[in-house]
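Inside the fold
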Amino acid sequence: MGLTDKKVTDKGTNFGKKQEQFNSSFAKLMAEKRKVKKSRLVLGIWGIPKCGKTGIALDFPDRNIYVLDWDRGVESTWIEHHDATERIQVFNPIEMNDDNAIDIVKSENNSHDFVRYVRGKISEGDKPIFVMDGVDTWFEKCIYKVNPNPTVVTKMMPFQYGARNKTFYHLLEAIYNLDCDIIYITHEIEKYVDNTPTGVQPAWKDWGGKLEQEIHCFRKKVKGEIQYIAELIGSRTNGNKVGTRWVIREGQPPNIVWN
């Protein structure tokens, strides 16, 4: 047979039975995708604190929503604005140790347990939205994989950051691989060029390329009225709507309207 197992025939190259099985299943997969024609929501929402990010993520009245709350700010929105509905399930995975520091191993395991829990719900037929709130907080706490004592400042070698980065991306990838719509929420940070601030950017830590859609939330004062605004700044699925702005909070106290 020579150096390889492939056979060359008059009809072309035959790579064997395993490849034939793949070819057949791939053809069926593409036929199914053409039939469904449905893009997935992989939305990133970012901005300053308390400007409506979580409100947007929970604003799907006909869907079950599962929230991994590393930012520890979703529960109050769920209770006050959604009457603690059973349709929305909020899970805080953070566990503390006896030294009042985050136990990163237990907290990480709790996070993955929750992702597996949602995977089970999806396998049972649920078509939910999964929300990861606090991407930047999760990244900050991953440093405990390298230095578990927050009261001690140690000099870190570059290779030591590998454990932090693997921990961070592994959870985000596990969420991304769920067969459902997904929303990631993070805060904004200043953007610098040559040590000079030039604007703001999301604290994704190179995760933005995975997103299908991206919304920036901010506050703006208009004629003495503070408005909360959401702007679609990127979308692979609705490109014609990029640049659209929605006012999600308007009015003056006590006459505030949430849209």
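Look up a bit, the structure's there.
Residues numbered from 1 in each chain as written. Predicted model: local features only at pLDDT ≥ 70, side-chain atom pairs only at ≥ 80, totals over all residues. Heavy atoms only, no water.

**Things to note about the nonpolar core**
Phe130, Met132, Trp138, Ile175 and Tyr184 are the most contacted members of the largest nonpolar core, which has 31 residues in total. Mapped onto this core, the elements with two or more residues apiece are strand 3 (42-47), strand 4 (65-69), helix 4 (104-123), strand 6 (129-133), helix 5 (135-141), helix 6 (161-176) and strand 7 (181-193). With residues up to four places along the chain from it excluded, the contact list for Met132 reads Leu68, Trp70, Trp138, Leu171, Leu172, Ile175, Ile183, Tyr184 and Ile185. One finds Ile56, Trp78, Ala230 and Leu232 within the second-largest nonpolar core, a separate group that totals 22 residues. (Core = buried A, V, L, I, M, F, W, Y, C linked by side-chain atoms within 4.5 Å. Buried < 20%, exposed > 50% of the residue type's maximum accessible area, 1.4 Å probe, protein only. Helix = DSSP H or I, 4+ residues; strand = E, 2+ residues; numbered from the N terminus. Contact = heavy atoms within 4.5 Å.)

**Points about the pattern of salt bridges**
A side chain of one charge can pair with a side chain of the opposite charge if their charged atoms are brought near each other. By the definition in use, this model includes 6 salt bridges. A salt bridge links Glu108 to Lys145, with the nearest nitrogen and oxygen atoms 2.9 Å apart. Here Glu108 is found in helix 4, whereas its partner Lys145 is found in the loop between helix 5 and helix 6, with 37 residues between them in sequence. Since its relative accessible area comes to 32%, Lys145 is described here as partly exposed. (Salt bridge = Lys/Arg side-chain N within 4 Å of Asp/Glu carboxyl O.)

**Details of unusual backbone geometry**
For the bond running from Pro253 to Pro254, omega is 0°, close enough to zero to count as cis. With respect to the secondary-structure elements, Pro254 resides in the loop between strand 11 (245-252) and strand 12 (255-258). Of note in this structure, Asp206 is not a glycine but carries a positive phi near 65°. Within the secondary structure, Asp206 is located in the loop between strand 8 (196-202) and strand 9 (213-222).

**Here's the deal with the environment of Lys37**
With respect to the helices, strands and loops of the structure, Lys37 is situated in the loop between helix 1 (17-36) and strand 3. The exposure class assigned to Lys37 is exposed, which follows from its relative accessible area of 73%. Through-space distance from the C-alpha of Lys37 to that of Phe26 is 16 Å; in sequence the pair is 11 residues apart.

Any functional reading would require information that these geometric values do not contain.
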